[in-house]
Amino acid sequence: MRRRTEAQASNAERVPADGKEPHQKGKSRAGGRVSYGSVLIAIGKCLLVIIFVPPFLNYASLQREGQMLLPKDGQIVDVGLGQKMHLLCKGQGQPVVILDAPTGMSSEVWFHVQESVATLTKVCTFDRMGLGFSRRLLPNETTGTEKVWGLSTTGRMVDDLHRLLQAAAIAKPFVLVGSELGALNGRFYSHIHDVQVSDLVLIDPIPEDVFEDEQWRQYWYGKLLPSLQARQFSAATGLSRMLLILGVIEPTLKEENVSEEVIQRQKYLLSNPAHQSSAVDEHYFLNESASQVRDIAKYKPLSSSTSVSVITGDYFDQQIPEHLNQMVGELQKKFLEESYPSANHIHIKGADRRMIYKKPSAISQHLRKLVSRRQAKQRSE
């Protein structure tokens, strides 16, 4: 009897204080491990969704929007050598006005100016190769001209524009208007094809030697370019589309008199990594473009028959430090006095490099006067 009692006591000692058998504890620990693993799997799935789904949905949307949002009056022109460019012309009459956009921007920024001047004459905007609706060549495709000028430089862009205007049978001579990089392109084009350009209008032209300044190079390549590269990455990952939906970023043109179609086209381009990539390249090679214009101006002066107008504001860019604005302003003044001393200089108070869509009426007013004078001269002849 005593032995049995001792055995029972011994067995009681082996029972844990929580009253659970060892095998029950094992099951609890296994259950904990299963729960922890399930959480990791769930987190992994969420990360995969976040990483892969937005780019895929963005790509699918871009394929659909690329056809739907093409301007109704626009045309995709085959300019030869396997390239196609987007051209949008409005209005009727001569002289035709050709508008070339600022660095890294599509033709949409000319919306207000084109609408206003098109009531007098034919006005055409276009997307440079890789921007907007102009398809950029793949790396394994070649035209031969990049061996001379290089991609995304003024020489190449002028060659593209020349072939575009020929293919579209644009009447000559025409009025050529350019802003920033577009102004460099306009100068290069006018020096080479001077008989085709009756009037050259330079809006906020970039001084050729601005990149010789160390502070400017630090700003351009150390601050501006990385911000554009971040925008390109955001578009490639689908983040830009999400931010547009949430209202964190907005299109450049968003006034009440801008149609919903134009707003949607801007959103499409903000979400398009190909467009953003070309914008980065144009900024990166701007120094080389300025050098090309400086060289061509030395060897082939501008024809005296080409009238030149220059439109500038109080600042180059109100969002950059004051000392950089002063430096660019001084170089701009020196460059204009040396290169175009007889140019008609128009100053727009309170304007900067965004004037073509922030203060379009001032630019439209000058272009309308220019066109009216040319038309009166044509009638008198």
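Structure: above.
In this text, all values refer to a predicted model and were calculated from it rather than measured experimentally.

1. Points about empty space enclosed by the protein
Enumeration according to the criterion identifies one cavity of 30 Å³ or more in this entry. Looking at the largest cavity, its volume works out to about 30 Å³. Lining the largest cavity, in full, are E180, Y219, W220, L224, F316, D317 and R353. Here the residues of the lining of the largest cavity sort into four nonpolar, no polar and three charged.

2. Concerning the packing of aromatic side chains
Where two aromatic rings form a pair, the distance of their centres and the angle of their planes describe that pair. Here the structure, examined in full by the defined rule, presents 12 aromatic pairs. For the pair Y284 and F285, a centre-to-centre distance of 5.0 Å together with 85° between the ring planes defines the contact as edge-to-face. Ring centres of F335 and Y340 lie 6.1 Å apart, and the angle between their planes is 90°; on these two criteria the pair is classed as edge-to-face. For the pair shown, F335 and Y340 are each scored as buried. The structure contains a cluster of three or more aromatic residues connected by ring pairs, namely F211, W216, Y219, W220, Y221, Y284, F285 and F316.

3. A look at the layout of surface pockets
Rolled over the atoms, a probe sized like a water molecule indicates the empty space that remains. As a volume, the largest pocket reaches approximately 1000 Å³. Taken together, 35 residues make up the lining of the largest pocket; nearest its centre are M105, L228, R231, T252 and Y357. Mapped by element, the contributors of at least two residues to the lining of the largest pocket are α6 (214–236), α7 (239–246), α8 (260–270), α9 (273–284) and α12 (355–358). Element by element, the count of residues in the lining of the largest pocket is highest for α6, at seven residues.

4. A few points about the pattern of salt bridges
One pass over the structure, following the stated rule, counts 18 salt bridges. Two residues, R128 and D100, come together in a salt bridge whose shortest N-O distance is 2.6 Å. Here R128 is found in the loop between β4 (123–126) and α4 (154–167), whereas its partner D100 is found in strand β3 (residues 97–100), with 28 residues between them in sequence. Residue classification places R128 among the buried positions, given a relative accessible area of 4%. Residue D100 is classed as buried on the basis of its relative accessible area, which comes to 2%. The residue R156 makes a salt bridge to D160 at a minimum N-O spacing of 3.8 Å. Taken together, the residues span about one helical turn, with R156 and D160 both in helix α4 at a distance of four residues. Comparing R156 with D160, the two get one shared label, buried. One continuous salt-bridge network, built from bridges that share partners, spans E180, D317, D352, R353 and R354.

5. With respect to the sheet that holds β3
Taken in spatial order, the eight strands of this open sheet run β1-β2-β4-β3-β5-β6-β7-β8, and their pairing is mixed. If you trace the sheet from one side to the other, it starts and ends with β1 (74–80) and β8 (344–348), each paired once. Sheet twist, expressed as the average angle between the axes of neighbouring strands with direction ignored, equals 25°. Bridge count between strand β5 (residues 174–179) and strand β6 (residues 197–203): six bridges; the pairing is parallel. Residue pairing in the sheet places F174 in a bridge with V197 of β6. Here helix α13 (residues 360–380) sits on the sheet in contact with β3, β5, β6, β7 (307–313) and β8, set at roughly 165° to β6.

6. Quick notes on the environment of V310
Inspection of the secondary structure puts V310 in strand β7. By relative accessible area, which is 2% here, V310 ends up buried. Sequence spacing of V310 and I346 is 36 residues, and the spatial spacing of their C-alpha atoms is 6.0 Å. Not counting the four nearest positions on each side in its chain, V310 is found in contact with L202, P205, L336, A343, N344, H345 and I346.

7. A look at unusual backbone geometry
That bond from Q94 to P95 is cis: its omega, 0°, falls within 30 degrees of zero. Within the secondary structure, P95 sits in the loop between β2 (83–90) and β3. That bond from K172 to P173 is cis: its omega, -5°, falls within 30 degrees of zero. Inspection of the secondary structure assignment puts P173 in the loop between α4 and β5. The backbone phi angle of E180 is positive, close to 55°, even though this residue is not glycine. Among the secondary structure elements, E180 is positioned in the loop between β5 and α5 (181–192). Classification of E180 by relative accessible area gives buried; the value is 1%. The residue D204 is not glycine, and still its phi comes out positive at about 45°.

Parameters at a glance
- Residues numbered from 1 in each chain as written.
- Predicted model: local features only at pLDDT ≥ 70, side-chain atom pairs only at ≥ 80, totals over all residues.
- Heavy atoms only, no water.
- 1 Å grid on protein atoms, 1.4 Å probe; cavity = no way out; pocket = protein on both sides within 12 Å on 5 of 7 lines; lining within 4 Å.
- Points joined across faces, edges and corners; volume = space filled by probe spheres on them.
- Nonpolar A, V, L, I, M, F, W, Y, C, P; charged D, E, K, R; others polar.
- Phe/Tyr/Trp six-rings, centres within 6.5 Å; stacked < 30°, edge-to-face > 60°.
- Buried < 20%, exposed > 50% of the residue type's maximum accessible area, 1.4 Å probe, protein only.
- Helix = DSSP H or I, 4+ residues; strand = E, 2+ residues; numbered from the N terminus.
- Salt bridge = Lys/Arg side-chain N within 4 Å of Asp/Glu carboxyl O.
- Pairing = 2+ DSSP bridges.
- Axes fitted to C-alpha atoms, helices over the stretch in contact; angles between N-to-C directions.
- Contact = heavy atoms within 4.5 Å.

Honestly, that's just the spatial picture; any functional story needs more than this.
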